[in-house]
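Listed here are the chains, written in short residue letters.
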Amino acid sequence: VQLVESGGGLVQPGGSLRLSCAASGFTFGSYAMGWFRQAPGKEREFVATISWSGGTTYYADFVKGRFTISRDNAKNTVYLQMNSLKPEDTAVYYCAARSKFIISIRDDEYDYWGQGTQVTVSS
């Protein structure tokens, strides 16, 4: 099983990034997917989640209206479009796979994790 994140980097406040997470080694279309993040000195926190079909999504309050999670089951990939980025969005972003169809905001309910991609928002 592999989850490989990409798309992180350095961006100015107000800018945008699109993270991708390429999955392999499991039946991607049967898994709910999530994005989490961890800032230096802080615990990992939930960002967004999407159901197996993409029909249900849920976001942390601090990203509602700015971030969008989506998935392409034909490409075994989940995305996180991040707009209007703020310095407090600086963190390592992780994608995770949950062996259930339905979403969850709890990191202990996810089975597989990627290595993470660094997002730095700074002028």
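Anything mentioned here points back to the structure above.
What am I meant to see in the packing of aromatic side chains here?
Here the distance between the centres and the angle between the planes together describe a pair of aromatic rings. The final tally for this structure, using the stated rule, is 10 aromatic pairs. Residues Phe-36 and Phe-46 carry aromatic rings whose centres are separated by 5.8 Å and whose planes lie at 70 degrees to one another, so their mutual orientation is edge-to-face. With Phe-36 in strand β4 (residues 32-38) and Phe-46 in strand β5 (residues 45-50), this residue pair connects regions lying 10 residues apart in the sequence. For the ring pair Phe-46 and Tyr-58, a centre distance of 6.2 Å and an interplane angle of 25 degrees mean the geometry is stacked. Taken as a pair, Phe-46 in strand β5 and Tyr-58 in strand β6 (residues 57-59) lie far apart in primary sequence, 12 residues in all. Grouped by ring-pair contacts, the aromatic residues Phe-36, Phe-46, Tyr-58, Tyr-110 and Trp-113 constitute a single cluster.

Please clarify how the pairing of strand β1 (residues 2-6) should be interpreted in this entry.
The two faces of a sheet get side chains in turn, since along a regular strand they alternate between them. With burial as the criterion, only one face of β1 is covered, namely that bearing Leu-3 and Glu-5; the residues Gln-2, Val-4 and Ser-6 on the opposite face remain uncovered. Bridge analysis of β1 against strand β3 (residues 17-24) gives five bridges, and the strand direction is antiparallel. Bridge pairing in β3 links Leu-3 to Ala-23.

Sorry, what's going on with the state of the cysteines here?
What the rule picks out here adds up to one disulfide. Two residues share a disulfide in this structure: Cys-21 and Cys-95, whose sulfurs sit 1.9 Å from each other. Highlighted residues: Cys-21 in strand β3 and Cys-95 in strand β9 (residues 91-98), separated in sequence by 74 residues. We note that Cys-21, like Cys-95, is buried.

Could you clarify how one ought to interpret the sheet that holds β3 in this entry?
Adjacent strands of a sheet pair through backbone hydrogen bonds, lying either parallel or antiparallel. If you walk across this open sheet you meet the four strands as β1-β3-β8-β7, and the pairing is antiparallel. Of all strands in the sheet, those bounded by a partner on one side alone are β1 and β7 (67-72). Sheet twist, expressed as the mean angle between neighbouring strand axes with direction ignored, is 15 degrees. Here β3 pairs with strand β8 (residues 77-82) via six bridges, running antiparallel. Bridged to Ala-22 within β8 is Thr-77.

Which parts of the structure should I look at to understand the pairing of β9?
Taking burial as the measure, the eight residues of β9 include seven buried ones, the bulk of the element. Here seven bridges tie β4 to β9, and the two strands are oriented antiparallel to one another. Residue Gly-34 lies in a different strand from β9, and its bridge partner there is Ala-96. In terms of strand pairing, β9 meets strand β11 (residues 117-121) through three bridges, oriented antiparallel. By the bridge assignment for β11, Tyr-93 is matched with Thr-117.

Criteria and cut-off values
- Residues numbered from 1 in each chain as written.
- Predicted model: local features only at pLDDT ≥ 70, side-chain atom pairs only at ≥ 80, totals over all residues.
- Heavy atoms only, no water.
- Phe/Tyr/Trp six-rings, centres within 6.5 Å; stacked < 30°, edge-to-face > 60°.
- Helix = DSSP H or I, 4+ residues; strand = E, 2+ residues; numbered from the N terminus.
- Buried < 20%, exposed > 50% of the residue type's maximum accessible area, 1.4 Å probe, protein only.
- Pairing = 2+ DSSP bridges.
- Disulfide = S-S within 2.5 Å.
- Axes fitted to C-alpha atoms, helices over the stretch in contact; angles between N-to-C directions.

These values are about where atoms sit, not about what they do.
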